[in-house]
Amino acid sequence: MKVLLHLAIILFLTVLTQIGGVIYLITILIINRKSERKRLKRTFTFLLLYAFTTFMIIPHVAEIFGREKVKETEIIKANTFFAKLLNRNYVKPELNMLLQKISTDFRKSHQGINIVYLDANFPFINKFPLLPHLSHNDGKKIDLSFIYQLETGEITNKKPSISGYGVYVNPNENEIKQYQICEENGYWQYDFSKYLTFGTINRDIQFSQNATKDLIYSIIKQQETGKNFIEPHLKNRMKLTSDKIRFQGCRAVRHDDHIHVQLK
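The structure reproduced in this document is the subject of the present report. (Residues numbered from 1 in each chain as written. Predicted model: local features only at pLDDT ≥ 70, side-chain atom pairs only at ≥ 80, totals over all residues. Heavy atoms only, no water.)

### Details of the packing of aromatic side chains
Per the stated rule, a full pass over the model turns up seven aromatic pairs. When the ring of Y24 is compared with that of F46, the centres are 6.3 Å apart and the planes differ by 70°; the resulting orientation is edge-to-face. Separated by 22 residues along the polypeptide, Y24 in helix α2 (residues 20–30) and F46 in helix α3 (residues 38–62) bring together distant segments of the chain. Seen in terms of ring centroids, F55 and F81 are 6.0 Å apart; in terms of plane orientation they differ by 15°. Their pairing is stacked. You can see F55 sitting in helix α3 and its partner F81 sitting in the loop between β2 (76–78) and α4 (82–85), a full 26 residues away along the chain. Residue F55 is classed as partly exposed on the basis of its relative accessible area of 33%. Taken together, the aromatic side chains of Y24, F46 and Y50 make up a single cluster linked through ring pairs. (Phe/Tyr/Trp six-rings, centres within 6.5 Å; stacked < 30°, edge-to-face > 60°. Helix = DSSP H or I, 4+ residues; strand = E, 2+ residues; numbered from the N terminus. Buried < 20%, exposed > 50% of the residue type's maximum accessible area, 1.4 Å probe, protein only.)

Okay, here's the thing in structure tokens:
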């Protein structure tokens, strides 16, 4: 049973962080099972090794795989520290350059408003899945948060959930209800992001259609931008006509809580 438990932990940490399973295995080998207070020692050793590896070693090794951390600026910010702690903040250098161009353009009309990223990619190995995403596996993709406003109409940097995911901008009665179409066709996972909010916050804010539309325009006007995924009802509502803006398909999850950006 202990072996199965260790294997389950290794699998979970690998799926969550890519490197956590390896660090856990090293910890087990370092701390002898007959050692006094082995659980406390293993916990402390794991946390120390994981933090050191994540922040001191991985950024350098990732360069071998053609990836680097998302470069944060006074405009580009992570939604939470956990994206960085879990190694979900790596991209190709070209995507960092694209983000800089987007932020420069967006700042022209929205001073003081941040471009907030959610999940990007793991640091190593193409095709290694970054769950629950289907395509964040090559350093070319990143999710950006929508822009929100206060009840007064003032644009804000606040977000409606801790994770940045799962609080949807639902379709109106006369709009396409893609989530219903997908679920009726057996894609039960399409609405799954609502369970990944890790808590809803800032209930006094609402989706800013104009500011989010400006952000999308800043994205699609860049030559390096390949595709953007967003729900069909929002594309229609914001009157977005670019062929770069696509529907992600029912095999993925809803995209009326964030913008998916990817390189050509």
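What follows picks up the thread again.
### As for the state of the cysteines
Enumeration according to the criterion identifies one disulfide in this entry. Each sulfur in the disulfide pair C182 and C250 lies 2.0 Å from the other. In this structure the cystine formed by C182 and C250 twists about its S-S bond by roughly -75°; its chirality is therefore left-handed. Placement of the pair is C182 in helix α6 (residues 178–184) and C250 in the loop between β10 (245–246) and β11 (258–263), with a sequence separation of 68 residues. (Disulfide = S-S within 2.5 Å.)

### Looking at unusual backbone geometry
With an omega of 10°, the peptide bond running from L131 to P132 counts as cis. With respect to the element layout, P132 can be found in the loop between β4 (115–117) and β5 (141–145). One non-glycine residue, Q18, lies in positive phi territory at about 70°. If you trace the backbone, Q18 turns up in the loop between α1 (2–17) and α2.

### Remarks on the layout of surface pockets
Estimates place the volume of the largest pocket at around 590 Å³. Taken together, 24 residues make up the lining of the largest pocket; nearest its centre are L86, R88, D119, S163 and F198. Those elements that provide at least two residues to the lining of the largest pocket are α1 and α4. A per-element tally of the lining of the largest pocket places α1 first, with three residues. Class assignment of the residues belonging to the lining of the largest pocket gives a composition of 16 nonpolar, six polar and two charged. K2, L5, H6, I9, Y24, T27, R33, K38, R39, R42, T43 and F46 together form the lining of the second largest pocket. Top element by residues in the lining of the second largest pocket is α3. It accounts for five residues. Classifying every residue of the lining of the second largest pocket gives four nonpolar, three polar and five charged. (1 Å grid on protein atoms, 1.4 Å probe; cavity = no way out; pocket = protein on both sides within 12 Å on 5 of 7 lines; lining within 4 Å. Points joined across faces, edges and corners; volume = space filled by probe spheres on them. Nonpolar A, V, L, I, M, F, W, Y, C, P; charged D, E, K, R; others polar.)

### Details of the packing of α1 against α2
Contact pair α1 / α2: the axes reach a minimum separation of 6 Å and the direction vectors enclose 145°. Counting all contacts with α1, which are made through H6, I9, I10, L13, T14 and T17, the residues of α2 involved are G20, G21, Y24, L25 and I28. Each residue belonging to the contact of α1 with α2 can be placed in one class, and the counts come to six nonpolar, five polar and no charged. (Axes fitted to C-alpha atoms, helices over the stretch in contact; angles between N-to-C directions. Contact = heavy atoms within 4.5 Å.)

### Focus on the packing of α2 against α3
Where α2 meets α3, the closest approach of the two axes is 9 Å, and the angle between their N-to-C directions is 135°. In terms of orientation, α2 and α3 fall into the oblique class. Seen along the crossing, α2 lies across α3 with a hand that is right-handed. Touching G20, I23, Y24, I26, T27, I28 and I30 of α2 are R42, T45, F46, L49, Y50 and T53, all from α3. Classifying every residue of the contact of α2 with α3 gives eight nonpolar, four polar and one charged. (Parallel < 35°, antiparallel > 145°, perpendicular 65-115°, else oblique. Left-handed = near helix turned anticlockwise from the far one by under 90°.)

### Focus: the sheet that holds strand β7 (residues 155–156)
Pairing within the open sheet is antiparallel, and its three strands lie in the order β7-β6-β8. The strands lining the two open edges of the sheet, one partner per strand, are β7 and β8 (205–207). Of the pairings in the sheet, the one linking strand β6 (residues 148–150) to β8 comprises three bridges and is antiparallel in character. Paired with Y148 across the two strands is F207, which belongs to β8. (Pairing = 2+ DSSP bridges.)

### Focus: α3
An α-helical turn contains 3.6 residues, so any two residues separated by three or four positions project in the same direction. T54 marks the point of greatest bend in α3, at about 40°. Listed as buried for α3 are R42, T45, F46, Y50, T53, T54, I58, P59 and A62. At its buried positions, α3 is contacted by α1, α2, β1 (68–69), α4 and β3 (90–91). (Bend = angle between axes of the 7 residues up to and from the residue.)

### Focus: the pattern of salt bridges
Under the defined criterion, the tally for this structure stands at 13 salt bridges. Note that K108 and D105 form a salt bridge whose closest N and O atoms lie 4.0 Å from each other. Linking D105 and K221 is a salt bridge whose minimum nitrogen-to-oxygen distance equals 3.3 Å. A residue pair is termed long-range when its members are at least 10 positions apart, and D105 in helix α5 (residues 93–107) and K221 in the loop between α7 (209–220) and β9 (225–229) qualify at 116 residues. Note on K221: relative accessible area 53%, which makes it exposed. (Salt bridge = Lys/Arg side-chain N within 4 Å of Asp/Glu carboxyl O.)

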